Amino acid sequence: MPYLSGEDTVKELRRALSNPNVQSDPLRHRSTIHKVIRAMSQGLDVSALFPEMVKACATVDIVQKKLVYVFLCSYASLNPELSLLVINTLRKDCQDANPMVRSLALRNMTNLRLPGLVEYVEQPLTSGLRDRAACVRRTAVLGWAKIHNLQPDTETDAAVVNELYSLLRDPDPIVMVNCLRALEEILKEEEDLTSAHPPVMAATLRLFLCLCAALPAVCSSALSRACGPLLAACGSSSREMRFTALAHIQLLLQSEPGLLGAHYKRFFCGYAEPAFIKQRKMQVLVELVNDENVSMLLDELKGYCTDVNPDTAQEAISAVGRIGRNYSDKCLEILTELLGLKQEHITSVVVQTLRDLVWACPQSSEVVCAAIEGCEQTLQDAQGRQALLWLLGVYGERVPSAPYTLESFIDGVRAEASLGVKMELLTAAVRLFVSRPAEVQDMLGRLLHFCIEEESDMCVRDQALLYYKLLHCGMEETRRLVEARGCDPGLGVLIGRPQLGVSSWSQSFNTLQPLCQNTSDSSVRATPEHVTSDPRTELSQELQECEVPPEHVTSEPTTEQSLELQVESAVTDRPDPLAEAEVSLSLSPALTPETFQDLWLQLQTLHSDQDSQNTEDFLVWEKLIGCPPLPVDSLTACRRRYSW
């Protein structure tokens, strides 16, 4: 053929394909089709020959069919209407006696990749799954995967899925492999426990975890497959769905802490998100922190610390403090910067966080002591003042202004409304007196006098009397008893809870329980040494020496109760004419309101009728409620305490 331009070449090929003499000669016809394919491979646009090539596919020559099908699949998207003409020929070839022709027809029907032709392709593909020839079954199986990829939003017929499952036992190994690949594509969402309905996924996972509780490896694999749908639910437009997904992710992280470490950016908070979702996301971020992402996570949390919503800012500061248990340097830098803002709600939470952090990481005490100076002017809420007082009591010897700060609290104790602040102030004053007696002696005396003589709250008066008696035992005994407890050895190296087994929470998965749980530690927090329930070794030994009847002990002693026990043991060397009285100590007296009222009325009657026997009546009252005995010279003060 002489050299022709592109248009001339297409015209020449069209005349040859339309020539009856060429069509009647199979060799010449095949040669012409070869020229069309060669021109197409050279980049020449031969789409104008589509009608002629459609006619050329009606042949018994397999080689010619293959060549024509290559052309049609390449240009079908440019001629969707004319492609319908090919379907009849392809469906007819699917019933050909030659399995090679049937296989070729199925392959090219799915390679046309036209959504409008799917309804014409499904029936031949279904028949191909049951074909007696293995090559046809191989093509039909992969054809269903192509159809699903062409229309991913369309749900595949369950009968087809069952048919594919049955072919997993096909004698032909290639058919089996193709079935696995097709099922992986078609059931990708179901295999990863994804579903158009998240409750279906959650219910399926819960059932799976309960049935496979004895197989940790299988449960771990199931949890990893649940990550996809849970992450997708976290991006849902529904706030309720996002909150539910975050709550269930927290459950998963209890058993697999590093499960979503690579997806930590998915839990960054959006500006318009509600506060309750932001707080849950920050709780998840704390669980995902590691050496690689700690800097980015802290930078992100630092921005949340100044959020306009106080609850969100409080949660962010608390999250920084929890991360600081492993990465204290960077976290202390952030917390110190936040103190410089001099904002009331931020300063309060920062001081509480510093208190918890320095208790868990004593090595950070130097930075904390330098940071808290001067922040008492900004603190207005009770919890913030309690945290500051704890720090001044425990580390007051390192804070130059500690006595002056404590004196300002003592001067305003009459106007203090918080019971917790008063009790913490007593403890801090005694602790600071042990380390800096000359500077604190006068103010401690004024504080004890006010709490014993003028304070109306019984708890504060009792604690003040306890410390007053304790100070009479000597400085060394006082120092031993009031020194702050160290970090809980059970805290461990990791942040947060220890890794739990799946069985510990699988029953609550897909229920309301995860939604009601609050894993944050930014709520009401007590003094650190009161958080744990394990008593010190010396405390357990002293309790054993007290010979407490087992039937009276119902719970572990608190710090205040342990101090009372140790003070009583310290003053037993003094003459006590009442020591012969048989009195049993109950750490938690079991008194109903009715019983207490009866005892109260009995005591009032005794005091009114036998005023001359106050001492004996008081001992009767002590026996009834199981209080420890007091020395004789303390009875006068006790009557003032319990004056009716």
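Reading the values: rules and limits
- Residues numbered from 1 in each chain as written.
- Predicted model: local features only at pLDDT ≥ 70, side-chain atom pairs only at ≥ 80, totals over all residues.
- Heavy atoms only, no water.
- Helix = DSSP H or I, 4+ residues; strand = E, 2+ residues; numbered from the N terminus.
- Buried < 20%, exposed > 50% of the residue type's maximum accessible area, 1.4 Å probe, protein only.
- Contact = heavy atoms within 4.5 Å.
- Areas by Shrake-Rupley, 256 points an atom, 1.4 Å probe, with all protein chains shown as cover.
- Patch = residues over 30% accessible without salt bridge, like charges linked within 9 Å, V, L, I, M, F, W, Y side chains within 5 Å.
- Salt bridge = Lys/Arg side-chain N within 4 Å of Asp/Glu carboxyl O.
- Core = buried A, V, L, I, M, F, W, Y, C linked by side-chain atoms within 4.5 Å.
- Phe/Tyr/Trp six-rings, centres within 6.5 Å; stacked < 30°, edge-to-face > 60°.
- Expected span 1.5 Å × (residues − 1).
- Axes fitted to C-alpha atoms, helices over the stretch in contact; angles between N-to-C directions.
- Parallel < 35°, antiparallel > 145°, perpendicular 65-115°, else oblique.
- Left-handed = near helix turned anticlockwise from the far one by under 90°.
- Nonpolar A, V, L, I, M, F, W, Y, C, P; charged D, E, K, R; others polar.
- Polar contact = N/O pair within 3.5 Å; in protein donor to acceptor, adjacent residues only side chain to side chain.
- pLDDT = per-residue confidence, 0-100.

Engineer: How should the overall build of the chain be read in this particular structure?
Structural biologist: Within the chain, the regular secondary structure consists of 33 helices and zero strands. Out of the 644 residues belonging to the chain, those deemed buried represent 45%. Considering only contacts in the chain between residues 6 or more positions apart, those separated by 24 or more positions represent 67%. When the accessible area of the chain is evaluated, it comes to approximately 32,900 Å², of which 53% is carbon and sulfur surface.

Engineer: What am I meant to see in a nonpolar patch on the surface here?
Structural biologist: The grouping of Phe208, Leu215 and Val218 at the surface amounts to a nonpolar patch, some 230 Å² of accessible area in total. Assignment of secondary structure puts Phe208 in helix H13 (residues 198-211). In this structure Phe208 comes out as partly exposed when scored by relative accessible area, which is 35%.

Engineer: Would you mind showing me how to read the side chain of Lys278 here?
Structural biologist: Relative to the elements of secondary structure, Lys278 occurs in helix H16 (residues 275-287). Overall, Lys278 belongs to the buried group, its relative accessible area being 9%. The residues contacting Lys278, other than those within four sequence positions of it, are Cys269, Gly270, Tyr271, Glu273, Asp307 and Thr312.

Engineer: It is not clear to me how the pattern of salt bridges should be interpreted in this structure. Could you clarify?
Structural biologist: Here the idea is simple: oppositely charged side chains can pair when their charged atoms come close. Summed over the entire model, instances satisfying the criterion amount to 25 salt bridges. One salt bridge connects Arg385 with Glu416, and the closest N-O pair in it is separated by 2.7 Å. Here the residue Arg385 occupies a position in helix H22 (residues 382-395), and Glu416 occupies one in the loop between helix H23 (402-411) and helix H24 (419-435), the gap between them amounting to 31 residues. What makes Arg385 buried here is its relative accessible area of 13%. With a relative accessible area of 15%, Glu416 lands in the buried category. The closest approach of N and O atoms between Arg446 and Glu407, which form a salt bridge, is 3.4 Å. Pair noted here: Arg446 is in helix H25 (residues 437-454) and Glu407 is in helix H23, with a separation of 39 residues, a long-range link. Judged by relative accessible area, which is 34%, Arg446 ranks as partly exposed. Glu407 sits in the partly exposed class, given a relative accessible area of 28%. Through salt bridges with shared partners, one network takes in Glu407, Asp411, Asp442 and Arg446.

Engineer: What exactly am I supposed to notice about the nonpolar core here?
Structural biologist: Where a protein is soluble and globular, its nonpolar side chains tend to be buried together. By size, the foremost hydrophobic cluster in this structure holds 107 residues, and its most contacted members are Phe267 and Ile372. Beyond its immediate chain neighbours, meaning those up to four positions away, Phe267 contacts Leu231, Cys234, Leu246, Ile249, Leu260, Lys281, Val284, Leu285 and Leu288. With 54 residues, the next largest nonpolar core counts Val10, Met53, Val86 and Leu164 among its residues.

Engineer: Whenever I open this one, the packing of aromatic side chains confuses me. Can you help?
Structural biologist: For any pair of aromatic rings, the description consists of the separation of the ring centres together with the inter-plane angle of the planes. This model, assessed by the stated rule, comprises five aromatic pairs. Aromatic pair Phe71 and Tyr75: ring centres 4.9 Å apart, planes at 45°, arrangement tilted. Taken as a pair, Phe71 and Tyr75 lie in helix H5 (residues 62-75) at a separation of four residues, close to a single helical turn. Residue Phe71 shares its accessibility class with Tyr75, and that shared class is buried. Between Phe243 and Phe276 the ring centres are 5.6 Å apart and the planes differ by 70°, which places this aromatic pair in the edge-to-face class.

Engineer: What exactly am I supposed to notice about the environment of Asp462 here?
Structural biologist: For Asp462, the location among the structural elements is in helix H26 (residues 458-471). Residue Asp462 is classed as partly exposed on the basis of its relative accessible area of 24%. In this structure the C-alpha to C-alpha distance between Asp462 and Ile452, which are ten residues apart in sequence, comes to 7.9 Å.

Engineer: It is not clear to me how helix H20 (residues 344-360) should be interpreted in this structure. Could you clarify?
Structural biologist: Residue pairs spaced three or four apart in an α-helix point in one direction, given the helix's 3.6 residues per turn. The first and last C-alpha atoms of H20 sit 25 Å apart over 17 residues, in line with the 24 Å expected at 1.5 Å per residue. Counting buried positions over the 17 residues of H20 gives 15, a clear majority of the element.

Engineer: Can you help me understand helix H8 (residues 118-129) in this one?
Structural biologist: With twelve residues, H8 ought to run about 16 Å at 1.5 Å a step, and its terminal C-alpha atoms sit 16 Å apart, in line with that. On its buried side, H8 packs onto helix H6 (80-93), helix H7 (99-111), helix H9 (134-150) and helix H10 (158-166).

Engineer: Would you explain the packing of H10 against helix H11 (residues 173-186) in this entry?
Structural biologist: Helix packing geometry: the angle between the two helix axes and the distance between the axes. Across the interface, H10 lies against H11 with an axial gap of 9 Å and an inter-helix angle of 150°. Our classification of the angle between H10 and H11 gives roughly antiparallel. In this structure, H10 meets H11 at a crossing whose hand is left-handed. The residues of H11 that touch H10, namely those facing Val161, Leu164 and Tyr165, are Cys179, Leu183 and Ile186. Residue classes in the contact of H10 with H11 are distributed as six nonpolar, no polar and no charged.

Engineer: Just to check I follow, could you spell out the side chain of Glu287 for this structure?
Structural biologist: Along the chain, Glu287 turns up in helix H16. Look at Glu287 and you get buried, because its relative accessible area is 17%. There is a polar contact of 3.2 Å between the side chain of Glu287 and the side chain of Arg322.

Engineer: Explain unusual backbone geometry to me, please; I cannot follow it from the model alone.
Structural biologist: Leaving glycine aside, a negative phi is the common case for residues, and trans is the common case for peptide bonds. Phi is positive for Lys342, which is not a glycine, with a value near 60°. Tracing the sequence through the fold places Lys342 in the loop between helix H19 (328-339) and H20. We note that Asn510 has phi near 65°; this positive angle belongs to a residue other than glycine. When you line up the elements, Asn510 lands in the loop between helix H27 (475-482) and helix H28 (513-516). Judged by its relative accessible area of 31%, Asn510 is partly exposed.

Engineer: Sorry, what's going on with the environment of Pro198 here?
Structural biologist: Relative to the helices and strands, Pro198 resides in helix H13. Overall, Pro198 belongs to the partly exposed group, its relative accessible area being 30%.

Engineer: Honestly, the packing of H23 against H24 in this entry has me stumped. Any pointers?
Structural biologist: Two elements in contact, H23 and H24, have axes whose closest approach is 11 Å; the angle formed by their N-to-C orientations is 145°. When you trace H23 past H24, the crossing you get is left-handed. Between H23, through Ala402, Pro403, Leu406, Phe409 and Ile410, and H24, the contact on the second element is made entirely by Leu425, Ala428, Ala429 and Leu432. Tallied by class, residues from the contact of H23 with H24 come to nine nonpolar, no polar and no charged.

Engineer: What am I meant to see in the confidence of the model for the chain here?
Structural biologist: Reading fine detail from the predicted coordinates is not recommended where pLDDT is low. The share of residues in the chain with pLDDT of 70 or more is 77%, and the mean pLDDT across the chain is 77. Low pLDDT, under 50, characterises residues 489-496; the predicted model gives this stretch ten contacts beyond four residues in sequence or across chains. In this model, residues 612-644 is a region of pLDDT below 50 whose contacts with residues beyond four sequence positions or in other chains number 56 contacts.

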